[in-house]
Amino acid sequence: MSAPGSLAGCGAAALLAALLAAWPAMGQAAEPLAARVNGAGISRQRLDRFTEEHAASQGRSAAGIQSPRVWRRLVREALDQLVDDELLGQEAVRLGHAPAPEVVERALAEARAAFPLPVQFELRLERSGFTGASFRAHLARQLAVVRLLERDLAVGVVVGDAEVHAWYLEHGEATGQPEAAAREVIRERLRRQRVEAVVVARLAALRQAARLEILVPLGDQP
């Protein structure tokens, strides 16, 4: 699963990086498509760029990958992430989690402030295939996903003291801390795991119901 689940706690620079990496650029309908998700296109250009970013996240240089099998595996993994992000975005909008315009503008201002010069921000958008308008719309959808996570998927996810204690009894030695000091860190870790399981289950249901068209070859053979 991809970046949306971690956006709520990001700083401005991290937020911008996550936004640029996590979603297919908008306003590029003339480009060849890698996939359609319920009619919404993911461009081949965006998939290519995100596959390179995905490879880099694993400590690999895209230019240095010689095996077609390995490259196609990375492409499949990258496309899965982009599809999941699109599905979550569509679900967030469907459930009415779109943010108010002033919330979007504040987030946009924070993203711009992460760069010393305005031109650096504009160049970063251009390299990622965005215009100012398409990035604003994209940012609004990502904020909607954060609201989906916080106000829908994570609601009611609670980790009790007994669960924290049981985890500490089994794994606590690795923390190097007494239970009282580690309790809240453990609780948050278990809660994140449980929320992630909820998100995975929702995505499985969304994929089952989705009209998904894959328009690029993803087989294992060279």
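Before reading further, recall that the structure is shown in the block above.
Residues numbered from 1 in each chain as written. Predicted model: local features only at pLDDT ≥ 70, side-chain atom pairs only at ≥ 80, totals over all residues. Heavy atoms only, no water.

A.B. asks: How do you make sense of the nonpolar core when you look at a structure like this?
C.D. replies: Soluble, globular proteins show a tendency: their nonpolar side chains are buried together. If you look at the biggest cluster of nonpolar residues, it comprises 27 residues, and the most contacted ones within it are Leu-47, Leu-79, Val-83, Leu-87, Leu-88, Val-199 and Leu-203. A total of eight residues in this core trace back to one element, the largest contributor, which is helix α3 (residues 68–94). In contact with Val-83, not counting residues within four places along its chain, are Val-37, Ile-42, Arg-207 and Leu-212. In this structure, Ala-107, Leu-108, Leu-125 and Phe-135 belong to the second largest nonpolar core, which totals ten residues. (Core = buried A, V, L, I, M, F, W, Y, C linked by side-chain atoms within 4.5 Å. Buried < 20%, exposed > 50% of the residue type's maximum accessible area, 1.4 Å probe, protein only. Helix = DSSP H or I, 4+ residues; strand = E, 2+ residues; numbered from the N terminus. Contact = heavy atoms within 4.5 Å.)

A.B. asks: Help me out: how do you make sense of the packing of aromatic side chains in this one?
C.D. replies: The description of an aromatic ring pair rests on the distance of the ring centres and on the angle between the ring planes. Following the criterion strictly, the structure yields two aromatic pairs and no others. On the numbers, 5.9 Å between centres and 65° between planes, the contact of Phe-115 with Phe-121 is edge-to-face. Looking at Phe-115, the relative accessible area reads 22%, which means it is partly exposed. Classification of Phe-121 as buried rests on a relative accessible area of 1%. (Phe/Tyr/Trp six-rings, centres within 6.5 Å; stacked < 30°, edge-to-face > 60°.)

A.B. asks: Help me out: how do you make sense of the environment of Gln-45 in this one?
C.D. replies: Considering the arrangement of structural elements, one finds Gln-45 in helix α2 (residues 44–57). The partly exposed category is assigned to Gln-45, whose relative accessible area is 30%. When the C-alpha positions of Gln-45 and Ala-34 are compared, they lie 8.2 Å apart, and in sequence the two are eleven residues distant.

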